[in-house]
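Notes for the structure review
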Amino acid sequence: MKRNAALVALLCVIALVFAVVPSPAAAQDAPTGQWLGTWPYAAPGTHNLNSFAAGGLNDNLGVVYRPLVELTPAFYLWASKEYAPILAESWGFVDDNAAYEYTLKEGATWSNGDPITTQDVVDTFTIGRILGWTQWTYLTSVEAVDERTVRFNFTENGASLNAERQLLKEHVVASANYGELATQAREVIDSGATSDSEEWAAVRTAITEFRPEELIASGPYTYTLDDVGEAFMTLRWQPNSLYSGTVKFGELKLWGGETEVTTPLVLSGELAHSTNVYPPATIESFAAEGIRLVTVPRGYGPALLFNFSVAPFDNVLVRQAMAHAINREQSALLTNGLGASGTVYMSGILDSQAPNLISQETLDALNKYEYNLEGAAALMEEAGFTRNADGKWADAEGNTIDVEYTFPADFADFSAAARDASAQLNEFGFNVTERALPWQEARDAILAGNFELSVWSWGAGSPFAFQNFNNPLRRWTSATLADDQPGLNLDISALEVDGETVDLNDLILNVSGGLDPAVQQERADRIAQIINAGMYYIPLNEMLSVEPLNEASIGGAPADGDPIYANPSNDHFAIYLILNGTLFPAGQ
Amino acid sequence: MTAVAAPPKPVSAPAPTLISRIRRITRSYFFRVVLQGLLTIWAVTTFTFFLIREMPGSPMDIKISELMDRQNLTYDDAYRAAATLFNFDPDKPVLLQYTDFIGDLLRGDLGGSITRANVSVLSIILRYLPWTLFCVGLALLISFTLGILIGLAMGYWRGSWFDNFITGIASLLSGIPDYIMALLIVIIFGVQLGWFQVGAVRGGVDQTIEAGFTPEYIASILQYAFMPVLVYVLSSIGTWILAMKSSTISTLGEDYITVAKARGLSEGRILTGYVGRNAMLPLITRLAISVGFVVGGSVIIEEMFQYPGLGRNLYIAIAGRDYTTMQGIFLVITIAVVFSNILADLAIAWLDPRVRIDKGEK
């Protein structure tokens, strides 16, 4: 009788323990249904689960799917210019902007059941320091205030809204996997070794060569190497994430391959959402099949680049004339059909962002360089050119403008933009010869200053003016290039503007500094005016990402015009809508 | 008594010296063919080594561009960051890279992939080569066999409706690039007609079936190979058909065929025993070259169907400028092409001794 009573008591205790201690796996049922997406991940045998190495998570999951496996502290909503909490519950500048802090949500755990703590964050950034992350250009240290609050200490004047974005967008990795490497990294940093030392290089190598056996996820999805196949990989729901209870898909099936490989899958309905760049004709065939198309900013567009050491492109009047002579709406249509729009403001900032970063007064005052062949002709004449008997522009000595326009043949969008611009300029009276090159060669030609006209991207998928202005004016000039790379042959640190010398490089570098958007706008206004007047490149159009979203497979997608679609590809709407359960398998 | 002289001892041939043996070996047809093959492999390997490095953009350059675009780094900062990701020193003199490569190669080490850290080139080749050998090898076998038989029949009954019809089809098929063929089949039969699921023909095997020597696994391998094999056969069979037809027609003009007909031999006997065997000889060299290229796979077809072959890996390596992987795959292709040609030379020399004599072996 005593034994029975003891047994009953023991069973009661066990039952009580199971009742009190929450078992995450039991707490929520696994959702069902598949998300059918795509990403060109590394094939089995070369695929690895390292968050920091080539062929690791960054390459394999990309900007859309990695945030569903390794959460970021917050997610930026472009329309409202606000951050939505993901892994962190609060954040902000502290100590008179000397530091930044965020606090992790209570109850956040890794897929192995361990709590997510500030040690994980500190270890993430310690490894990032060894790898030379950009954040360490304005950080002096990262420290745990307590189990859930982490503090980022800034260098003098290091605080900026741009810094805030980079800190809140950085994925946090698990110390259970990377803690040992982080300890090694700390020892090297604390020893005073520099980044070019052997000790530093040894830790760097150890980090990139590390191959975790298990992916420890903070997001609601994870996978093992067994889930990676030649044709597709599968991210599987895991029960221990903060978002395991809200997501509606049990699996994310990601097809491998690029555009040409995924096209038939979209058409056959086996691929429901894709971020690939499809040609206009393919987009039309998707629409004909009744597949919904969602349009979001891509965060760049093709720009006509000048080599400033080649006459007459050193003449601002000729550049302005060329801007007037190219019909940018036509350029957009031929570049990417409905997936592009002709540039309107010519401000150096993508039109989708310009109203947020430049004052309306300045935008209104900017020269829009409307398509105007007569105006363009007047500018050419003012520059000293006249039309010859063939209708071609010629200088005082009768020399026509015979130039070569190099473009990357393997980039369909840039090729189309360059070929259309060539045709329009020839129509206007130039002698432009197209020269298609492999993209690496076209890029090298720009770096080496070995071109006359070329095409590359302008703008950036960033809510800050710096990144927009940076590309292409800093990207392809001595401001960022090596000493032996002349690039555009334009010294933007000493530009002649209205009779005075302006350091545009310095202006761009500082445009997004500090925490006051009004001050940043003033600075952006000034830069926009300089770029607009100087027409240092012609922003032909702004690309849009036209993404198939097959509603036969995916339900819940907000209607067109919803603010979430203001987010560009690198803050993709799918991340947010999957995590908060807005998107669900159709039919559920 | 007349003394009888002792019979002279038979004069034995002088024992061959080492030098004469070596001379004999070096003068042999086999030796010269193999030596020529080895020299060809070395020359091609050296040529491709330098050619690869002359391609615009190194793996570092590609990563640097990406970092400059995405993180707005300066070139120097992006260079430093990229250097941490790759097992590659772009500043190392090319000649030094070459001597290192040859030294490692002589030790049987193809090195590690530049863009895929901790992955050896040999492991990539060993993992993917069997798939390619199976898929492209099977396709070549089918394509060659069918092509020879159809071409033979067309040549023998030249001018018939069968000849005219197949000539048109073969010309059409040989004019369509393999990637267009792959796309057409997938779009028309997969998407438009819905005869198969497009996703179900991607990869090398059903990922849900456990690997093993089981009927299901083998059936799955055959099922997944069907589409790439079909595309390869369709895109290459036209050439075999037309070549065999042409060779058959020229063989039919030979005197021994007329004699065979005059002797009253059956049509089947003439076709197989006289025409077919002789008409096939010129195609052996072509087959040998094709067999050599089997190991390189079919880049576009493998990429289209995500087939786990060496061709797809070559495509990935070229796109990412993974020099070492490219070198390794090109080396394997070179060895295969050279040795299959050697085998063809030896086979022809064995079949027709005049070839050896013509080439100097007495």
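Residues numbered from 1 in each chain as written. Chains lettered and ligands numbered in written order. Predicted model: local features only at pLDDT ≥ 70, side-chain atom pairs only at ≥ 80, totals over all residues. Heavy atoms only, no water.

Glancing now at the overall build of chain B. Looking only at helices and strands, chain B features 15 helices and zero strands. In terms of C-alpha radius of gyration, chain B reaches 28 Å, well past the compact-globule figure of 21 Å for 362 residues. By principal-axis analysis of the C-alpha atoms, chain B measures approximately 115 × 70 × 40 Å. Scored against the burial criterion, the 362 residues of chain B give a buried share of 43%. Contacts in chain B between residues at least 24 apart in sequence constitute 71% of all its contacts with a sequence separation of at least 6. Carbon and sulfur atoms form 67% of the exposed surface of chain B, whose accessible area is close to 19,400 Å². Distance between charge centres in chain B, computed from 28 positive and 26 negative side chains, equals 14 Å. (Helix = DSSP H or I, 4+ residues; strand = E, 2+ residues; numbered from the N terminus. Rg over C-alpha atoms; globule rule 2.2 N^0.38 Å. Buried < 20%, exposed > 50% of the residue type's maximum accessible area, 1.4 Å probe, protein only. Contact = heavy atoms within 4.5 Å. Areas by Shrake-Rupley, 256 points an atom, 1.4 Å probe, with all protein chains shown as cover. Lys, Arg positive; Asp, Glu negative; His and termini not counted. Charge placed at Lys NZ, Arg CZ, Asp CG, Glu CD.)

Glancing now at the interface of chain A and chain B. Of the residues lining the interface, 41 residues belong to chain A; the matching set on chain B comes to 44 residues. Counting the surface chain A buries against chain B, the share from its top three residues, A:Thr46, A:Glu230 and A:Arg475, is 16%. Put simply, chain A and chain B have one salt bridge between them. Residue A:Glu230 is joined to B:Arg312 by a salt bridge in which the shortest nitrogen-to-oxygen separation is 2.8 Å. Of all the elements in the fold, those that place two or more residues in the side of chain A that touches chain B are helix 7 (198-209), helix 8 (259-268), helix 16 (439-447) and helix 17 (465-473) of chain A. The leading source of residues in the side of chain A that touches chain B is helix 8 of chain A, at six residues. (Buried area = accessible area lost by both parts, 1.4 Å probe. Salt bridge = Lys/Arg side-chain N within 4 Å of Asp/Glu carboxyl O.)

This part covers unusual backbone geometry. Comment: phi is negative for the bulk of residues other than glycine, and the bulk of peptide bonds are trans. All names here are of chain A. In this structure, Pro312 follows Ala311 across a cis peptide bond, with omega equal to 5°. Tracing the backbone shows Pro312 in the loop between strand 12 (301-306) and helix 10 (316-325). Following Asn471, the chain continues into Pro472 via a peptide bond in cis, with omega recorded as 15°. Among the structural elements, Pro472 can be located in helix 17. Positive phi, normally seen in glycine, also occurs at Tyr369, with a value near 50°. Relative to the helices and strands, Tyr369 resides in the loop between helix 13 (360-365) and helix 14 (373-382). Here Asn489, not a glycine, exhibits a phi torsion of approximately 60°, which is positive. As for its position among the elements, Asn489 is in the loop between helix 17 and strand 19 (495-497). Assessed through its relative accessible area of 32%, Asn489 is described here as partly exposed.

We now examine the side chain of A:Asn550. Looking at the secondary structure, you find A:Asn550 in the loop between strand 22 (541-549) and strand 23 (554-555). If sequence neighbours within four positions are ignored, A:Asn550 has contacts with A:Gly269, A:Ala272 and A:Ile291.

Here the focus is helix 5 (residues 94-106) of chain B. All names here are of chain B. Taking 1.5 Å per residue, 13 residues should reach 18 Å; helix 5 reaches 18 Å between its end C-alpha atoms and fits that length. Gln97, Tyr98 and Phe101 are the residues of helix 5 that are buried. One face of helix 5 carries all of its buried residues, which in axial projection span an arc of 100°. Exposed and oriented more than 90 degrees from the buried face of helix 5 are Leu95 and Leu106. A positive backbone phi angle near 80° is found at Gly108, which sits one or two residues after helix 5. (Expected span 1.5 Å × (residues − 1). Arc of directions from axis to C-beta.)

Moving on, we come to the packing of helix 8 of chain A against helix 9 (residues 280-288) of chain A. All names here are of chain A. Closest axis-to-axis distance for the helix 8/helix 9 pair is 9 Å, and the angle between their directions is 15°. By the angle between their axes, helix 8 is roughly parallel relative to helix 9. Of the two elements, helix 8 crosses helix 9, and the hand of that crossing is left-handed. Packed against helix 8, whose contacting residues are Thr263, Val266 and Leu267, the element helix 9 presents Thr282, Ser285 and Phe286 at the interface. Class assignment for the residues of the contact of helix 8 with helix 9 results in three nonpolar, three polar and no charged. (Axes fitted to C-alpha atoms, helices over the stretch in contact; angles between N-to-C directions. Parallel < 35°, antiparallel > 145°, perpendicular 65-115°, else oblique. Left-handed = near helix turned anticlockwise from the far one by under 90°. Nonpolar A, V, L, I, M, F, W, Y, C, P; charged D, E, K, R; others polar.)

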